[in-house]
4 protein chains.
Amino acid sequence: MDSFGSKFRVSIFGESHGDAIGVVLDGVQPGLPLGIEDFTEDILRRKSGPKGTTPRIESDIPEILSGIYEGFTTGAPLAIIFRNRNTRSGDYKLFNDMPRPGHADYTASVKWMDFNDPRGGGHFSGRLTLPIVAAGVVAKKMCVCDVRASLIEVGGMSRTEALATLTDEDRNGLPESEIPASVIWKDVIANAMRERDSIGGIVECVASKVPAGLGEPFFDSVESLISHAIFSIPGVRGIEFGDGFESARMKGSEHNDPFDNVEGGDVSLHLSVHPSKNGAGGVNGGITNGNPIVFRVAFKPTSSIGKPQKTFNFAKGEMDELSIPGRHDACFALRTPPVVEAMTAIVLADLMKRI
Amino acid sequence: MDSFGSKFRVSIFGESHGDAIGVVLDGVQPGLPLGIEDFTEDILRRKSGPKGTTPRIESDIPEILSGIYEGFTTGAPLAIIFRNRNTRSGDYKLFNDMPRPGHADYTASVKWMDFNDPRGGGHFSGRLTLPIVAAGVVAKKMCVCDVRASLIEVGGMSRTEALATLTDEDRNGLPESEIPASVIWKDVIANAMRERDSIGGIVECVASKVPAGLGEPFFDSVESLISHAIFSIPGVRGIEFGDGFESARMKGSEHNDPFDNVEGGDVSLHLSVHPSKNGAGGVNGGITNGNPIVFRVAFKPTSSIGKPQKTFNFAKGEMDELSIPGRHDACFALRTPPVVEAMTAIVLADLMKRI
Amino acid sequence: MDSFGSKFRVSIFGESHGDAIGVVLDGVQPGLPLGIEDFTEDILRRKSGPKGTTPRIESDIPEILSGIYEGFTTGAPLAIIFRNRNTRSGDYKLFNDMPRPGHADYTASVKWMDFNDPRGGGHFSGRLTLPIVAAGVVAKKMCVCDVRASLIEVGGMSRTEALATLTDEDRNGLPESEIPASVIWKDVIANAMRERDSIGGIVECVASKVPAGLGEPFFDSVESLISHAIFSIPGVRGIEFGDGFESARMKGSEHNDPFDNVEGGDVSLHLSVHPSKNGAGGVNGGITNGNPIVFRVAFKPTSSIGKPQKTFNFAKGEMDELSIPGRHDACFALRTPPVVEAMTAIVLADLMKRI
Amino acid sequence: MDSFGSKFRVSIFGESHGDAIGVVLDGVQPGLPLGIEDFTEDILRRKSGPKGTTPRIESDIPEILSGIYEGFTTGAPLAIIFRNRNTRSGDYKLFNDMPRPGHADYTASVKWMDFNDPRGGGHFSGRLTLPIVAAGVVAKKMCVCDVRASLIEVGGMSRTEALATLTDEDRNGLPESEIPASVIWKDVIANAMRERDSIGGIVECVASKVPAGLGEPFFDSVESLISHAIFSIPGVRGIEFGDGFESARMKGSEHNDPFDNVEGGDVSLHLSVHPSKNGAGGVNGGITNGNPIVFRVAFKPTSSIGKPQKTFNFAKGEMDELSIPGRHDACFALRTPPVVEAMTAIVLADLMKRI
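In this report, we go over the structure that sits alongside the text. Counting from 1, residues in each chain are numbered in the order their sequence is written. Chains and ligands are labelled by the order in which they are written, letters from A for the one and numbers from 1 for the other. In view of the model being predicted, local features appear only for residues whose pLDDT reaches at least 70, and side-chain atom pairs are presented and counted only at 80 or more, with totals across whole chains, interfaces and linings using the full set of residues. Heavy atoms from the whole structure form the basis of all side-chain values; hydrogens and water molecules are not counted.

1. Here's the deal with the interface of chain B and chain D
Okay, so step 1: Note on contacts: a residue pair qualifies if any of its non-hydrogen atoms lie within 4.5 Å across the two residues. Contact residues are listed per partner, giving 42 residues for chain B and 42 residues for chain D.
Okay, so step 2: Each of two parts loses accessible area, computed with a 1.4 Å probe, when they are put together; buried area is these two losses added. Surface buried jointly by chain B and chain D totals about 3,200 Å² across both partners, of which 64% is contributed by carbon and sulfur atoms.
Okay, so step 3: Together, M1(B), Y69(B) and F115(B) form the three largest contributors to the area buried by chain B at its contact with chain D, with a combined 20%.
Okay, so step 4: Whenever a carboxyl oxygen of Asp or Glu lies within 4 Å of a side-chain nitrogen of Lys or Arg, that contact is scored as a salt bridge. The interface formed by chain B and chain D includes two salt bridges.
Okay, so step 5: With a shortest N-O distance of 3.0 Å, R83(D) and E63(B) are connected by a salt bridge.
Okay, so step 6: Contacts described as polar in this section are N or O atom pairs within 3.5 Å, which, within protein, must combine one atom able to donate a hydrogen with one able to accept it, while residues neighboring in sequence count only if both atoms come from side chains. Where chain B packs against chain D, one counts six residue pairs in polar contact (both at pLDDT 80 or more).
Okay, so step 7: Only DSSP runs of H or I with at least four residues qualify as helices, and only runs of E with at least two residues qualify as strands; both kinds are numbered from the N terminus onward. Elements with a minimum of two residues in the side of chain B that touches chain D: β2 (9-14), β3 (20-26), β4 (63-66), β6 (72-73) and β7 (78-83) of chain B.

Pasting the structure below:
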């Protein structure tokens, strides 16, 4: 099923080249101020445009069909849709016969017995992350936490290394925190594009101002819910919290986070105590401990590449060479930080409603 | 909530030092042959005993209260319980005042307003992985896949490195695949124990004979469901599928898996085609592609260590030193492979029922 | 939450006077032929128009945003919307101060802290049964059962009694089964309208060609699921299966249904045996027994009446008299048979997918 | 699936003649005082013993396996089991060949492919209402409402009629409210037993002190959830709220409930206003309105009767005569009021947690 959440439920629908894509949000509390303009920033951050992203440009203006009255959420479900306009479906007919390596062409055909909509990847398209970003905008208002994701590595080059390659002209007078990822890693991106190949990246997400006590001991641990949501983003290959995989190489005495009265407040209410370091990434026993939730997500390189690849040609019954035409992101990871934030906020909004 | 699954639903209950722990399995199909003896092997693999695991030894014999008739599952829910016997609750009183770093003592108190059972970690204990292993035994029969997990790294030392340190006496005439992990990594484990410290490890899981077409495009992608279940195991810090985090450093042309008629059969039925390499770990677009599902899980070092640690003493209102007495695993990762298998089989059993 | 179903999930959204109302259908199998024209008949049956129904007329043409490709369902979620056009919101402002007896004006305000959309009842409007009817059209195709609902009583007069009042002119040459309910009960309806009052009715639903073996022993018994869905229709006050309330006055020897080889086929497959009478309404122990599912639903009289009523005036802080202006159904029960069918088909489609 | 509830989840298991039956309660808040003695009253009310109930007597003492610590709920799941002791399985072998009219023998066989446990009805037994009553005890503590159910009609005779038949000796000095149902209706029960037949009854349930604002507009309307739970009790044939089926024969002006400042308090907080009559049974638009929730439930006559009945004999391949031996309730409805209360409290406890 394409829905997620228990008290705040997100249901997405649509196909890349269909009439519209969208999302229904059930369980939004009444009284949140909400307007079209609230969606602008995150939708813009997800949008293509800079080098390394697809030239398909959509207006991506949300149409809110329900759940808002006089500028506030009503308590009833919100339905938000986005019309698809800039579609060129001719590009995709070929992949019925020759499933693209790394794509869902083949698995969608098996699952849905060849009735799947093949145009632009149909329902399996990364375009469906747009309604997810829209859901995230509402979720961020609901969860009252501060959720921030950004790229820390692209094409195997860390942000620090990449920043070191920039000229003053590249930096354009901006503070480092505001230089766009497409500028920071412009060389590795340009290299990949030149080779008609693609690259991946790693996003780090930090959710702060999260109250202690959210989550459940086992099956709905905070990490379970967040990883569930994050692996629902196309192209994710791994996730790790706090010290992550490195923790498996640490001693307990190194990895354990000592509790401390970090904020120096009244300890009788348990509110000012939390760990003084964050190897656990903000969660003990599945429950938030008052520290920021910190995790990293590995995004694979874009599957669609212009460079010729081998794949099976079902029409010919033999292996064949495929050069994928059309418009792709050389590094779709550039567009993922708002999607990672959205998924995190969706989980936190749900957890806040379960208190 | 402490339950998981949509068509095959697993609900666990119990506390480490309570009367019993157990699990209810709803949605088991009728007609599966099942007896106590089916549980022996996996329960034994999870059990403590070898060096590096806790000296608390429980008989761990399952009592099946319902759902079986004349040796077969009936279709009605199975309830399986395990009595707790070898408990020494005196060990744990201290942690009300001084929450153990890395443990859920503090977060459980916050979440459950100090009504949580503190004895042996209460409901947050790793002992709850025993009913999960029991659920896995049933799930393995249901999913008809072959699920195998094993340690590939302990305390930062790879299996290959560790095997190279073994004498003939250590090997005891066994083929490498049958040498216990506690023998293979005996030196790093002994080191940690000597320092009254602990170490972690990395488990790799391979699920083969999984049919193509399982899973859902977004929120119930195979990786979403597996990661959800895996992060419900205490002590997990990361998970990665196929090429995992390394994929973020690869080119698309390297990471993409070409489809091929690997089994040389009749391609018209789509059954003999799958990718000829497995960088994706067996899943494209959230749906299984016919390849084995492959993923790795990072387990942190055991939180309980004898070595003195700092933590906040709520009774004194200041930082204090804590040396955790009692019986712990120096490396609980040694006991996790059957738990990882169980969680994977639980997900696959559910997915098989959704077809 | 405004969604229902486990394997076939229906999520509705929208407000009576908002931009659009709609439904997302998740879990529709791929390959069902489906077009706009499939919706015409049931939408028309639900529509207002005849005497006794509201003069608000909407075009009610469904717009299918997703999940269809080249005339077949794809397996991805269907989103279907209906634009609201013929709205006159001025009618409803008054009810903020004076909650209409029998309506949700008051309870919606309490639940949603006065942020609810009051126009036309907002999300609580009977207009939301339109997307439910649309969902039913798809569900009927999925469940391959034959679901038929019709009025058996209106305003306290049985169908037989009412038919006896008809002249040849009323009958207009039609066979009894095709005479519209608004004609059959035209006199009681006309009486109610004259008094600016309203009347209710009883609908009987028969689902035939339902295979034996659907449903669950306790919480998801067939009656549980059907009653859950039926009480989600606004205005339902009761439901009874088979002999219903009358069964409480029968002896076991009268009410019990003897099993018999009714169809005279091969009994070894259990397929031709089912009860020879149907006091149970097609269900034993929560599971279908091969007989038609039969139940009756009581609909209250329309809440909105022109006749003056007392209610509390919050602005004045005292009781006041209210004559509801605007456009209402004198007997909304006339429009409910396709809604009852839709809800039944939604349950059956879900149960068929759970097999 | 045999579980119910979203935030407070009840999962039942067990067979009539298996080792034990039981229930897992997930989502119970921490800090509720709870002990074995809390269960005594409701379990006793459900118990057999008086004339008209089965002579099978079980001790029915609950064993709480988890979720309680030092007399309070901990927040972790409660598992409660009841051992089966007084079983005579020989009685039931026959029904494999000759399915009892009105029972689930046949439908269970079809659903579970003859692997169902036939002893005492297996999982389909009314004995499973015992763990439901246990769940209700906890739910009543959680929901802080006052839930009371009692018989208003047995074997077609109303309580008033039946009371008129009682002698002073029958009344035994008790106030009418405390005379047991088995005494009030002793004559109709004795008649049924003499004929080796059975009778049904009607239970009325009133839940008072329910806050306004519980429930959801459509699919989780209060009536939807209550009817879902009530039809999960074996033997229910109908349910109606407030004026019920009679409302279909009323005018809107009669059925509508005027809002009024019934409690004469400060109306600005909406808390003292609710309807001055209760034709709706406490619910408008699916949401509680502050009035008591009132509904009636029809229970069929007990299916098992000693009187010979016709049914199909699968071994012989023809119709045959069946006289059911063994121990039955002539009127199981006598034992249902605490079960109806339990189901209602389960729904209300869940709704209270969803606020």
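2. Some points on the pairing of strand β8 (residues 146-154) of chain C
All names here are of chain C.
Okay, so step 1: For two strands to count as paired, DSSP must find a minimum of two bridges between them. Note: β8 against strand β10 (residues 201-208), eight bridges, orientation antiparallel. Residue pairing across strands places A149 opposite C205, the latter belonging to β10.
Okay, so step 2: Two strands pair when backbone bridges link them, and β8 and strand β9 (residues 157-158) are joined in this way by two bridges, in the antiparallel orientation. Residue V154 lies in a different strand from β9, and its bridge partner there is M157.

3. Focus on the side chain of D117(B)
Okay, so step 1: In this structure, D117(B) sits in the loop between α2 (105-111) and α3 (129-143).
Okay, so step 2: A polar atom in the side chain of D117(B) sits 2.6 Å from the side chain of R119(B).
Okay, so step 3: Ignoring anything within four residues of it in the chain, the contact list for D117(B) reads E15(B), G122(B), Y69(D) and T74(D).

4. A short note on the sheet that holds strand β16 (residues 293-299) of chain B
Okay, so step 1: An order of β9(A)-β8(A)-β10(A)-β16(A)-β11(A)-β11(B)-β16(B)-β10(B)-β8(B)-β9(B) is seen for the ten strands of this open sheet, with the pairing classed as antiparallel. Each of the sheet's edge strands pairs with one partner strand only, and the pair in question is β9 (157-158) of chain A together with β9 (157-158) of chain B.
Okay, so step 2: Seen against the sheet, helix α10 (residues 337-354) of chain A touches β8 (146-154), β10 (201-208) and β16 (293-299) of chain A and runs at an angle of roughly 145° to β8(A). Angular values range over 0 to 180 degrees, each being the angle between N-to-C directions of two axes fitted as lines to C-alpha atoms, with helices fitted over their stretch in contact.

5. So, the relation of the copies chain A and chain B
The relation between the two chain copies is a rotation about an axis coupled with a shift along that axis.
Okay, so step 1: We place the copies in one frame by least squares, fitting the C-alpha atoms of every residue whose pLDDT is at least 70 in both. In screw terms, the move from chain A to chain B is a rotation of 180° and a rise of 0.0 Å along the axis, fitting with an RMSD of 0.0 Å. Such a turn and shift between the copies fits a two-fold axis.
Okay, so step 2: Both copies present the same face, since 99% of the interface residues in chain A are matched by interface residues at the equivalent positions in chain B.

6. As for the packing of aromatic side chains
Okay, so step 1: Paired rings are identified among Phe, Tyr and Trp, the last through its six-membered ring, by centres lying within 6.5 Å, and are further divided according to the angle between planes into stacked (under 30 degrees), edge-to-face (over 60) and tilted (the rest). Counting across every chain of the model gives 38 aromatic pairs over all chains.
Okay, so step 2: Between the aromatic rings of F219(C) and F4(D), the centroid separation amounts to 5.5 Å while the plane-to-plane angle is 15°, which identifies the pairing as stacked. Of the two residues, F219(C) is situated in the loop between β10 and α8 (222-230) and F4(D) in strand β1 (residues 3-4); the pairing between them involves two chains. Taken individually, F219(C) and F4(D) each receive the classification buried, so the pair is uniform in this respect.
Okay, so step 3: Joined through ring pairs, the aromatic side chains of Y106(A), F312(A), F314(A) and F259(B) make up one cluster. The buried label applies to any residue whose accessible area, calculated with a 1.4 Å probe on protein chains only, is under 20% of its type's maximum; exposed applies above 50%, and partly exposed to all values in between.

7. Examining the pairing of β7(B)
Looking along a regular strand, one sees the side chains alternate between the two faces of the sheet.
Residue and element names in this part refer to chain B.
Okay, so step 1: Among the six residues that make up β7, six are buried, leaving the element largely enclosed by the rest of the structure.
Okay, so step 2: Residues L78, I80 and F82 of β7 are buried on one face, and the alternating residues A79, I81 and R83, pointing to the opposite face, are buried as well.
Okay, so step 3: Judged from the six bridges that link them, β3 and β7 form a sheet pairing that is antiparallel. If you follow V23 over to β7, its bridge partner there is I80.
Okay, so step 4: As judged from the three bridges shared by β4 and β7, these two strands associate in the antiparallel manner. Each residue of the ladder has a partner; that of I64, found in β7, is I80.

8. Re the relation of the copies chain B and chain D
Okay, so step 1: Expressed as a screw operation, the relation of chain B to chain D combines 0.0 Å of axial shift with a rotation of 180°, fitting to an RMSD of 0.0 Å.
Okay, so step 2: Counting the interface residues of chain B, we find that 100% of their copies in chain D are interface residues as well, pointing to one common contact surface.

9. A short note on the interface of chain A and chain B
Interface size is commonly expressed as the accessible area that is lost once the parts come together.
Okay, so step 1: Counting residues at the interface gives 101 residues for chain A, matched by 100 residues for chain B.
Okay, so step 2: Between chain A and chain B lies a buried interface of about 8,100 Å² when both sides are counted; carbon and sulfur atoms form 63% of it.
Okay, so step 3: The largest contributions to the chain A side of the interface with chain B come from F218(A), F219(A) and R237(A), which together make up 13% of the buried area.
Okay, so step 4: Remark: the boundary between chain A and chain B carries six salt bridges.
Okay, so step 5: Of the charged contacts, one joins E153(A) and R249(B) as a salt bridge, the two residues approaching to 2.6 Å between their closest N and O atoms.
Okay, so step 6: The interface formed by chain A and chain B includes 45 residue pairs in polar contact (both at pLDDT 80 or more).
Okay, so step 7: Ten residue types, Ala, Val, Leu, Ile, Met, Phe, Trp, Tyr, Cys and Pro, are classed as nonpolar, four, Asp, Glu, Lys and Arg, as charged, and the remainder, Gly among them, as polar. Its residues placed into classes, the side of chain A that touches chain B shows 43 nonpolar, 37 polar and 21 charged.

10. What about the packing of α8(C) against helix α10 (residues 337-354) of chain C?
All names here are of chain C.
Okay, so step 1: Running from N to C, α8 and α10 cross one another at 140°; their axes reach a closest spacing of 9 Å. Judged by the angle between their axes, α8 and α10 are oblique. The two elements α8 and α10 cross, and the hand of that crossing is right-handed. Where α8 approaches α10, its residues V222, L225, I226, A229 and I230 are matched on the opposing element by V340, M343, T344, V347, L351 and R354.
Okay, so step 2: Across the contact of α8 with α10, the residue classes break down as nine nonpolar, one polar and one charged. When an angle is under 35 degrees it counts as roughly parallel; over 145 it counts as roughly antiparallel; between 65 and 115 it counts as roughly perpendicular; any other value is oblique. In this scheme, a crossing is called left-handed if the near helix is turned counterclockwise away from the far one by less than a right angle; it is called right-handed if the turn is clockwise.

11. Some thoughts on the side chain of Q309(A)
Okay, so step 1: Considering the arrangement of structural elements, one finds Q309(A) in strand β17 (residues 309-313).
Okay, so step 2: Within polar-contact distance, the side chain of Q309(A) engages the side chain of N256(B) at 2.8 Å.

12. Observations regarding unusual backbone geometry
Okay, so step 1: Despite not being glycine, V144(B) shows a phi value in the positive range, around 50°.
Okay, so step 2: When you line up the elements, V144(B) lands in the loop between α3 and β8 (146-154).
Okay, so step 3: Note on V144(B): relative accessible area 56%, which makes it exposed.
Okay, so step 4: With phi around 60°, K209(C) is a residue other than glycine that occupies positive phi space.
Okay, so step 5: Tracing the backbone shows K209(C) in the loop between β10 and α8.
Okay, so step 6: Looking at K209(C), the relative accessible area reads 66%, which means it is exposed.

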